[in-house]
Amino acid sequence: MNASFPDSAASATLPETGLPPLHLLIAAPRGFCAGVDRAIEIVERAIERYGAPVYVRHEIVHNRFVVDTLKAKGAVFVEELDEVPDGKPVVFSAHGVPKVVPMAATERGLDWLDATCPLVSKVHRQAERKVEAGRHILFVGHKGHPEVIGTMGQVPEGAMTLVETMEDVARLDFPADQRLAFLTQTTLSVDDTAEIIAALKARFPSIVGPRAEDICYATSNRQAAVKAIAPRCQLVLVIGAPNSSNSLRLVEVAEREGSKARLIQRATEIDPAWLEGVTSLGLTAGASAPEVLVREVVAKLGTWRQVHEEPVTTTEEHMVFKLPRQLMS
């Protein structure tokens, strides 16, 4: 975990309080992934190196708590590059940006740092190679998501077609001899994406895909952890932002496993009425949510219930990504 967002140890066994019991299953892995850790550290180190303010194009990650914490340290978040004053450093978000953005920053002489998750950058390189090989790309993702905008911005306009649903697959109309490839957004539902890819392969038998799936390890791992706890819970709380794709997918996974699920950003959003009749509750956090928010939720639950925590770990994560060269010296 990033040093600025500490991973508190699981709470000690609580004394009996007379409150109704609540069995709390806490999924692991959860919370920050290596790409988010790296992006936050890039902003923090840039502030140390250049001094405040350091500008960040778009939210560095989709989490208001993280953004507000970095603002307090000297980060200024903007929507477009033209909002960055001359001579000021700028960081590009973990979701990636179209190729024209760093080109424009270079033309202006700005010092820029790319916090794009390396797994997203890998998809960018795959897109370039597929187009260079003469293939049209069918890109599975969600319209308007920053990662989709960034990936489609790596290749000439018209070189990619966005596919969001099975209905989109049915509507595709390419000649039999069209050379096609598919790639996917990294934060999609593993199950839904597998279904869409199977449909693409059935429609276009000669279509080619990446050597390994594009959905990132963190997205897959967090979904698998929710699958492990949801059947044992009457309600699953997912900590994440409403514009966080991977967090929304965790809600969908929990519901698909038969549990009710709610997306919350902070403990203050929990309605105690949700807990009526609930004796077993699941808890997880999207890849942009710090562990401090998990502990905040546990503490809040403890004001209403006698909480008995059970960590449920489906895999261990040890991934670490290198920082940009500018910050290594």
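Every value quoted in this text rests on a predicted model; they were computed, and no experiment measured them.

A. Spatial organisation of the pairing of strand S11 (residues 280-285). Counting buried positions along S11 gives 6 out of 6 residues, so the element sits mostly inside the fold. Neither face of S11 is exposed, since Ser280, Gly282 and Thr284 on one face and Leu281, Leu283 and Ala285 on the opposite face are all buried. Here 4 bridges tie strand S1 (residues 21-28) to S11, and the two strands are oriented parallel to one another. From the neighbouring strand, His23 faces S11, where its bridge partner is Ser280. Relative to S11, strand S9 (residues 235-239) is paired through 5 bridges, and the arrangement is parallel. The residue bridging Val236 from the neighbouring strand is Gly282, located in S11.

B. Molecular detail of the environment of Leu235. One can find Leu235 in strand S9. Leu235 sits 19 residues away from Ala254 along the chain, and the two C-alpha atoms are 8.6 Å apart. Those residues within four positions of Leu235 in sequence are excluded, and the remaining contacts are Ser259, Lys260, Ala261, Arg262, Trp274, Leu275, Val278, Ser280, Leu281 and Gly282.

C. Quick look at the sheet that holds strand S7 (residues 160-163). Ordered by their spatial adjacency, 3 strands build an open sheet running S7-S6-S8, and the pairing between neighbours is parallel. In the strand order of this sheet, the two ends are held by S7 and strand S8 (180-184), each with one partner. Across the sheet, the mean angle separating the axes of adjacent strands is 25 degrees when strand polarity is ignored. Set on the sheet, helix H4 (residues 118-132) makes contact with strand S6 (136-140) and S8; between it and S8 the angle comes to about 170 degrees. Sheet strands in contact with helix H7 (residues 190-203) are S6, S7 and S8, and its direction is about 180 degrees off that of S8.

D. Molecular detail of the packing of helix H1 (residues 34-50) against helix H2 (residues 64-73). Where H1 meets H2, the closest approach of the two axes is 10 Å, and the angle between their N-to-C directions is 10 degrees. Viewed along their axes, H1 and H2 adopt a mutual orientation that is roughly parallel. When H1 is examined against H2, the residues Ile40, Val43, Glu44 and Ile47 are found in contact with a partner set consisting of Val66, Leu70 and Lys73. Considering only residue class, the contact of H1 with H2 consists of 5 nonpolar, no polar and 2 charged.

E. Inspection of unusual backbone geometry at higher detail. Here the amide bond leading from Ala28 into Pro29 is cis, since omega sits at 5 degrees, within 30 degrees of zero. Even without being a glycine, His58 presents a positive backbone phi close to 70 degrees. For His58, the location among the structural elements is in the loop between strand S2 (54-57) and H2.

F. Fine view of the sheet that holds strand S3 (residues 75-78). If you walk across this open sheet you meet the 4 strands as S3-S2-S4-S5, and the pairing is parallel. The sheet terminates laterally at S3 and strand S5 (112-114), the two strands that pair on one side only. Direction aside, the axes of adjacent strands within the sheet are offset by 25 degrees on average. With 3 bridges connecting them, S2 and strand S4 (residues 90-92) associate as parallel partners. Pairing of Arg57 across the sheet is with Phe92, part of S4.

G. Summary view of the pattern of salt bridges. On inspection of all chains with the given rule, the structure shows 17 salt bridges. Arg295 serves as the salt-bridge partner of Glu309, at 2.9 Å between the closest nitrogen and oxygen. One end of the pair, Glu309, is in strand S12 (residues 306-313); the other, Arg295, is in helix H10 (residues 291-301), with 14 residues separating them in the sequence. Residue class for Arg295 comes out buried when judged on its relative accessible area of 14%. One salt-bridge network, in which partners are shared between bridges, spans Asp191, Asp192, Lys227 and Arg256.

H. Expanded view of the nonpolar core. In this structure, Val43, Ile60, Leu70 and Val91 are the most contacted members of the largest nonpolar core, which totals 32 residues. Those elements giving two or more residues to this core turn out to be H1, S2, H2, S3 and H4. In terms of residue count, the dominant contributor to this core is H1 (8 residues). Other than its neighbours up to four places away in sequence, Val91 contacts Ile42, Val43, Ala46, Val54, Tyr55, Val56, Arg57, Ile60, Leu113 and Ala115. By size, the runner-up hydrophobic cluster in this structure holds 22 residues, among which are Ile239, Ala267, Leu275 and Val278.

Each value, and the rule that gives it
Residues numbered from 1 in each chain as written. Predicted model: local features only at pLDDT ≥ 70, side-chain atom pairs only at ≥ 80, totals over all residues. Heavy atoms only, no water. Buried < 20%, exposed > 50% of the residue type's maximum accessible area, 1.4 Å probe, protein only. Helix = DSSP H or I, 4+ residues; strand = E, 2+ residues; numbered from the N terminus. Pairing = 2+ DSSP bridges. Contact = heavy atoms within 4.5 Å. Axes fitted to C-alpha atoms, helices over the stretch in contact; angles between N-to-C directions. Parallel < 35°, antiparallel > 145°, perpendicular 65-115°, else oblique. Nonpolar A, V, L, I, M, F, W, Y, C, P; charged D, E, K, R; others polar. Salt bridge = Lys/Arg side-chain N within 4 Å of Asp/Glu carboxyl O. Core = buried A, V, L, I, M, F, W, Y, C linked by side-chain atoms within 4.5 Å.

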